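Listed here are the chains, written in short residue letters.
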Amino acid sequence: DLTNNQAVLSQMSDGTYAFGALYRDGSLLVSNSGTSHLYDTKMGKTVPAPGWDGVITYAGLPSFSPSGKLIAFNHEDTGMGHTLAVMNFRVTTRAFSGLIDVATDPVNFLGFPTFTPDDGWVVYENDTRSDFQTRSAANAGSGVDAKADLQIAHLASGTSAPLDQANGKSNGAYYLPFGEAAEGHLNFDPTILPLAVGGYSWVVFTSRREY
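By convention here, each chain's residues receive numbers from 1 onward along its written sequence. Restriction of local features to residues with pLDDT of at least 70 applies here, the model being predicted, together with a cutoff of 80 or more for giving and counting side-chain atom pairs; totals for whole chains, interfaces and linings are based on all residues. Only hydrogens and water are removed before side-chain values are computed, so all heavy atoms of the structure are retained for them.

**Student:** Looking at this structure, I do not really get the overall build of the protein chain. What am I missing?
**Tutor:** Segments assigned H or I by DSSP are reported as helices when at least four residues long, segments assigned E as strands when at least two residues long, and all are numbered from the N terminus. Looking only at helices and strands, the protein chain has four helices and 16 strands in total. Our radius of gyration is a C-alpha quantity, and the globule rule it is checked against amounts to 2.2 Å times the number of residues to the power 0.38. For 211 residues, the compact-globule estimate of 2.2 N^0.38 gives 17 Å, and the protein chain sits close to it at 18 Å. Principal-axis analysis of the C-alpha atoms gives the protein chain an extent of 50 × 45 × 40 Å. Each residue is assigned to one of three classes by its accessible area relative to the maximum for its type, calculated with a 1.4 Å probe on protein chains only: buried under 20%, partly exposed between the two thresholds, exposed over 50%. Within the protein chain, the proportion of its 211 residues that are buried is 41%. In this description, contact between two residues means that some pair of their heavy atoms is separated by no more than 4.5 Å. When contacts within the protein chain are restricted to residue pairs at least 6 apart in sequence, those whose partners lie at least 24 apart make up 44%. The protein chains shown are the only cover counted for residues, whose accessible areas, like all others here, come from Shrake-Rupley with a 1.4 Å probe. Here the protein chain displays about 11100 Å² of accessible surface, and carbon together with sulfur accounts for 53% of that area. If you average the places of the 12 positive and of the 21 negative side-chain charges in the protein chain, the two averages end up 6 Å apart. The positive count covers Lys and Arg only, the negative count covers Asp and Glu only, and His and the chain ends enter neither. By convention, the charge on Lys lies at NZ, on Arg at CZ, on Asp at CG and on Glu at CD.

Below, the structure written as structure tokens:
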């Protein structure tokens, strides 16, 4: 609680809260993947969530929008890691509605969705690894080398596109000094500041660069 000397509101002894979607005032949390429930963080217990319970079982890497009216997540129930979905949320009734898939990739995995301050767009990671690790296959011990780029989905139109400038491309060519082979497709874990500043929505993400 930032208003009370950083006092701990709720703590779990396991990974229940790990990678969960925290509601804007910290009162509620949707847990990650298996299985996903709505939690009252002060009680540390699940609470009924109409429209979610019995509909969504595995919501990977969920994230609430700045307004708290939307939630985005990897729709593992149907997409097996390849689909990103958005739902409406009404905090007064703790009800979810309007499930819609906003992006799909038949090969790569979509995760770490984050909303623009106006709730109109979702930036997310398009990753070669289903576990969203940022390591090579050798370092991870299995799977493939981690390669990822940032993409953006427009909720109103249902369209998506890569964020070329953030990914290191301009006019179809890589502008990164060491080129695509050394620095391309190494863009992970985006998040967006909840307020626009200077007319921009600011995206913060992890990358590995030779410099």
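**Student:** Looking at this structure, how should I read the packing of aromatic side chains?
**Tutor:** Geometrically, a pair of aromatic rings is defined through the distance of the ring centres and the angle of the planes. Geometry of aromatic contacts follows a simple scheme: Phe, Tyr and Trp rings, the Trp one being its six-membered ring, pair when their centres are within 6.5 Å, and the pair is stacked under 30 degrees between planes, edge-to-face over 60, tilted otherwise. Under the criterion given, the structure shown has ten aromatic pairs. Their ring planes at 40° and their centres at 4.6 Å tell us that Phe 89 and Phe 96 sit as a pair that is tilted. Phe 96 gets classed as buried once you look at its relative accessible area, which sits at 5%. Judged by centre distance (6.1 Å) and plane angle (85°), the ring pair of Phe 112 and Phe 132 falls under edge-to-face. Here Phe 112 is found in strand S9 (residues 109-115), whereas its partner Phe 132 is found in the loop between strand S10 (121-127) and helix H2 (137-140), with 20 residues between them in sequence.

**Student:** Can you walk me through the sheet that holds strand S5 (residues 59-64) in this structure?
**Tutor:** What holds strands together in a sheet is hydrogen bonding between their backbones, with the strands either parallel or antiparallel. Judged by pairing direction, the sheet is antiparallel, and its four strands sit side by side in the order S5-S6-S7-S8 without closing on themselves. One side of each edge strand has no neighbouring strand; the edge strands of this open sheet are S5 and strand S8 (95-104). On average, each strand axis in the sheet is tilted by 25° relative to the strand beside it, whichever way the strands run. Sheet analysis places strand S6 (residues 70-75) next to strand S7 (residues 83-90), joined by five bridges and oriented antiparallel. Paired with Leu 70 across the two strands is Asn 88, which belongs to S7. Pairing between two strands requires that DSSP report at least two bridges joining them. Lines fitted to C-alpha atoms define the axes here, with helix axes fitted over just the stretch in contact, and angles between the N-to-C directions of these axes take values from 0 to 180 degrees.

**Student:** Any chance you could explain the pairing of S9 here in plain terms?
**Tutor:** Across a regular strand the side chains alternate sides, sitting on one face of the sheet and then on the other. Across the seven residues of S9, seven count as buried, placing the element largely inside the fold. Count of turn residues in the S9/S10 antiparallel hairpin: five residues, of which Asp 119 carries a positive phi of about 65°.

**Student:** I keep staring at the environment of Met 12 and nothing clicks. Help me out?
**Tutor:** Structurally, Met 12 is set in the segment before strand S1 (21-22). Remark: the alpha-carbon pair of Met 12 and Ser 130, spanning 118 residues in sequence, is separated by 25 Å. For Met 12, the residues in contact, after removing those within four places along its chain, are Tyr 17, Tyr 39 and Gly 44.

**Student:** How should I be thinking about a nonpolar patch on the surface in this particular structure?
**Tutor:** In this analysis, a patch consists of residues with relative accessible area above 30% that form no salt bridge, clustered at 9 Å for like charges and at 5 Å for the nonpolar side chains Val, Leu, Ile, Met, Phe, Trp and Tyr. Whenever a carboxyl oxygen of Asp or Glu lies within 4 Å of a side-chain nitrogen of Lys or Arg, that contact is scored as a salt bridge. A cluster of nonpolar side chains, Leu 193, Val 197, Tyr 200, Trp 202 and Val 204, forms an exposed patch at the surface whose accessible area comes to about 500 Å². Mapped onto the elements, Val 204 comes out in strand S16 (residues 203-207).

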